[in-house]
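Architecture at a glance
Here is what each chain is made of, one letter per residue.
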Amino acid sequence: MLYVRNLNPDAWMNVITGDTHPLDSDVISDLSTSNHELSVWEVDDSLSDMDDVAVALALTRDEVRDLTLVKLSPTDMRSSKYYNEDLDIKEQPGATIYDKMVDKHKNFMLPTFWQMGFLAEYIGSLITNDFESNCVIYDSTKLVDLINKAIDCGELNSDLLKKHRGRWSKKAKALRT
Amino acid sequence: MITTEKKPQVYSSIRDVFTKSLNSFGKDYYCLYDTVRINDFSVFSSQLDKDSFLGYYNAYKIVRQSIYDKKQKRDTFVKQDLFDNEIISSLSDESSRAPFSVFEHKSLWSDILSSEKSSKIIQSDTNSAQWGRVVSGFTNTFYSIRIDTEGIDTLETEFVHLKDINRDGTLNLIQSIFISNLENKNISIDSALKIIRLIQRFDYDELFPYAQFIITTAIHVKNPRIQLEALNTIDRWADKRALNLLYNLESPLNPWVKTKYESLKKTYKDAVC
């Protein structure tokens, strides 16, 4: 099973350029936990539901921004030199208005800063070695297009979108016209 | 709608309001906006209700913008017949915002436009001390805000005020801030990102062509974080003209920026065009 997490370029870009180490404080801050839990989203190994996961993640917030999703495989992590210990994964419904994907949200359990650091180094290796294969970028325009398609299929309620995610709703309407 | 009987009182009140605002707020340009925003209508005569004032004020803004858009000088405009066909046709699309015909209140507009004090609202001389003060205020805000959503919200509010007074002057200002930053040996990434994130708040045409120049420059800046944010602007525009802009740019070298660039080209083909 695969999991994805959005990366903030403000924190991670310098890792790719080599200007900083994955254990940079901004990078660690981007992996901040609450109750030792780090938010991730589950994706099929075939990536067939990636678009839906992207929409679900995008609709956890009102700000219209693109997503840069890094693909994380616990199996691969375990065999890597970075995070070579078992990873506990906890269920938690996602705070998204895309109801269809609510149960795809999970939490990685990171008990100490060691696990946080190991994960940072692992992600750093993914984006440095092969960004294109290990990451997927969803432009905000692409996300708006997917939102419109979800509305057309009846999978997303446009009134709910307007009420809770007004900025996405406004962009979706603009793209339709 | 103001009736003929009420017209003399309203006419006098509107002129008094504009004049009083200028006197009491020290002639800062956007204090007139503050008058509307704080909803302090105690200065108005009892015959003039809030909706009527806003109706006049909206129409006043439209006329003022027409003057500015056509780059006409104040005295030239006043000497012309206010109601020539060109001006009427340019206002005709704004009928939903102007609740009454400008034709009905020709003397009102002539008086406002010709009075010396109110002409200072219309003339936005970039060499004037008043303009210098508001620019200084904006610049202080620019360098002090955080580069988060709230900070950019604050910046956007001040930027819009400035742009309403003098569009070209304001856009030249942000262009100057952007280029001055690049002239520094150690450029401030945050300053560049603030400008770009401010531009992202507006549609393709609203800041044309200044925004396009800044964004195409930013895409060629060495720092990949700036390049990426510039591509995010093209993403937010979602305008077909921006696709051609994209095609005329070299593919970036940084893998993250390059992936964004390729993704954007595909997105535009699928979703925008």
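Computed from a predicted structure; not experimentally measured.

This part covers the overall build of chain A. The helix and strand inventory of chain A stands at 9 helices and 6 strands. Residue pairs in contact within chain A that sit at least 24 positions apart in sequence constitute 74% of those at least 6 positions apart. Of the accessible surface of chain A, which amounts to about 8400 Å², a share of 46% is contributed by carbon and sulfur atoms.

The next thing to look at is the packing of aromatic side chains. In total, this model carries 10 aromatic pairs over all chains according to the counting rule given. Summarising the aromatic geometry, the rings of W114 of chain A and F118 of chain A are spaced 6.4 Å apart at their centres and angled 35° between planes, so their arrangement reads as tilted. Of this pair, W114 of chain A and F118 of chain A both sit in helix α5 (residues 113-129), separated by 4 residues, roughly a single helical turn. For W114 of chain A, a relative accessible area of 53% gives the class exposed. Taking 5.4 Å as the distance between ring centres and 65° as the angle between the ring planes, the aromatic pair formed by F159 of chain B and F202 of chain B counts as edge-to-face.

With that settled, the discussion passes to the interface of chain B and chain A. The interface of chain B with chain A comprises 23 residues on the first partner and 24 residues on the second. Both sides together, the interface formed by chain B and chain A hides about 2100 Å², and carbon and sulfur atoms give 54% of it. In terms of surface lost to chain A, no three residues of chain B exceed R225, R236 and W256 of chain B, which account for 34% of the buried area on that side. Scanning the region where chain B abuts chain A turns up 5 salt bridges.

So, on to the pattern of salt bridges. In the structure shown here, the tally under the stated rule is 25 salt bridges over all chains. Between K260 of chain B and D66 of chain A there is a salt bridge, and its shortest N-O distance comes to 2.9 Å. You can see K260 of chain B sitting in helix α15 (residues 255-272) and its partner D66 of chain A sitting in the loop between α3 (50-58) and β3 (67-72), one on each of two chains. The two residues K260 of chain B and D66 of chain A agree in class, both being buried. D205 of chain B serves as the salt-bridge partner of R241 of chain B, at 2.9 Å between the closest nitrogen and oxygen. Here R241 of chain B is found in helix α14 (residues 240-247), whereas its partner D205 of chain B is found in the loop between α11 (189-199) and α12 (210-219), with 36 residues between them in sequence. In the salt-bridge network here, residues are joined through shared partners; they are D10 and R65 of chain A together with R197, R225 and E229 of chain B.

The residue after F208 of chain B, namely P209 of chain B, is reached through a cis peptide bond having omega -5°. Mapped onto the secondary structure, P209 of chain B falls in the loop between α11 and α12. With a phi angle near 65°, H36 of chain A is a residue other than glycine that sits in the positive phi range. Despite not being glycine, A238 of chain B has its phi angle at roughly 45°, a positive value. Take A238 of chain B: it is sitting in the loop between α13 (224-237) and α14. We classify A238 of chain B as partly exposed; its relative accessible area is 27%.

Of all hydrophobic cores here, the largest spans 76 residues; its most connected members are W12, L119 and I127 of chain A together with I234 of chain B. Broken down by element, the residue count for this core peaks at 7 residues, all from α5 of chain A. In this structure I127 of chain A touches L7, W12, V15, I16, V70 and C135 of chain A, once residues within four positions along its chain are discounted. One finds V55, A58, L59 and L69 of chain A within the second-largest nonpolar core, a separate group that totals 28 residues.

Moving on to the packing of helix α7 (residues 140-152) of chain A against helix α9 (residues 166-176) of chain A. Residues and elements named next belong to chain A. For the pair α7 and α9, the least separation of the axes is 9 Å and the interaxial angle reads 85°. Between α7 and α9, the crossing angle belongs to the class labelled roughly perpendicular. Touching S140, T141, L143, V144, D145, I147, N148, I151 and D152 of α7 are W168, K171, A172, L175 and R176, all from α9. Residues of the contact of α7 with α9, tallied by class, amount to 7 nonpolar, 3 polar and 4 charged.

With that out of the way, let us pick up the packing of α11 of chain B against α12 of chain B. All names here are of chain B. α12 packs onto α11 with a crossing angle of 135° between their chain directions and a minimal axis gap of 11 Å. Taken as axis vectors, α11 and α12 run oblique relative to one another. In the crossing of α11 with α12, the sense of the turn from one axis to the other is left-handed. The residues of α12 that touch α11, namely those facing I195, I196 and I199, are A211, I214, I215 and A218.

Residue and element names in this part refer to chain A. Among the secondary structure elements, S73 is positioned in the loop between β3 and α4 (74-79). Overall, S73 belongs to the buried group, its relative accessible area being 16%. Other than its neighbours up to four places away in sequence, S73 contacts M1, L2 and Y122.

What follows is about the sheet that holds strand β5 (residues 105-109) of chain A. All names here are of chain A. One open sheet holds the 6 strands; their spatial order is β4-β5-β2-β1-β3-β6, and the pairing between them is antiparallel. Every interior strand has two partners, whereas the edge strands, β4 (89-91) and β6 (135-138), have only one. Taking the axes of each pair of neighbouring strands and ignoring which way they run, one obtains an average angle of 40° across the sheet. Taken strand by strand, α5 contacts β2 (37-43), β3, β5 and β6, and its axis lies near 110° from that of β3.

Residues and elements named next belong to chain A. Within α3, 8 of the 9 residues are buried, which leaves it mostly tucked inside the rest of the structure. Every buried residue belonging to α3 is among M50, D52, V53, A54, V55, A56, L57 and A58, and all of these are buried. Those residues of α3 hidden inside the fold are in contact with β1 (2-6), β2, β3, β6, α7 and α9.

Parameters and conventions
Residues numbered from 1 in each chain as written. Chains lettered and ligands numbered in written order. Predicted model: local features only at pLDDT ≥ 70, side-chain atom pairs only at ≥ 80, totals over all residues. Heavy atoms only, no water. Helix = DSSP H or I, 4+ residues; strand = E, 2+ residues; numbered from the N terminus. Contact = heavy atoms within 4.5 Å. Areas by Shrake-Rupley, 256 points an atom, 1.4 Å probe, with all protein chains shown as cover. Phe/Tyr/Trp six-rings, centres within 6.5 Å; stacked < 30°, edge-to-face > 60°. Buried < 20%, exposed > 50% of the residue type's maximum accessible area, 1.4 Å probe, protein only. Buried area = accessible area lost by both parts, 1.4 Å probe. Salt bridge = Lys/Arg side-chain N within 4 Å of Asp/Glu carboxyl O. Core = buried A, V, L, I, M, F, W, Y, C linked by side-chain atoms within 4.5 Å. Axes fitted to C-alpha atoms, helices over the stretch in contact; angles between N-to-C directions. Parallel < 35°, antiparallel > 145°, perpendicular 65-115°, else oblique. Nonpolar A, V, L, I, M, F, W, Y, C, P; charged D, E, K, R; others polar. Left-handed = near helix turned anticlockwise from the far one by under 90°. Pairing = 2+ DSSP bridges.

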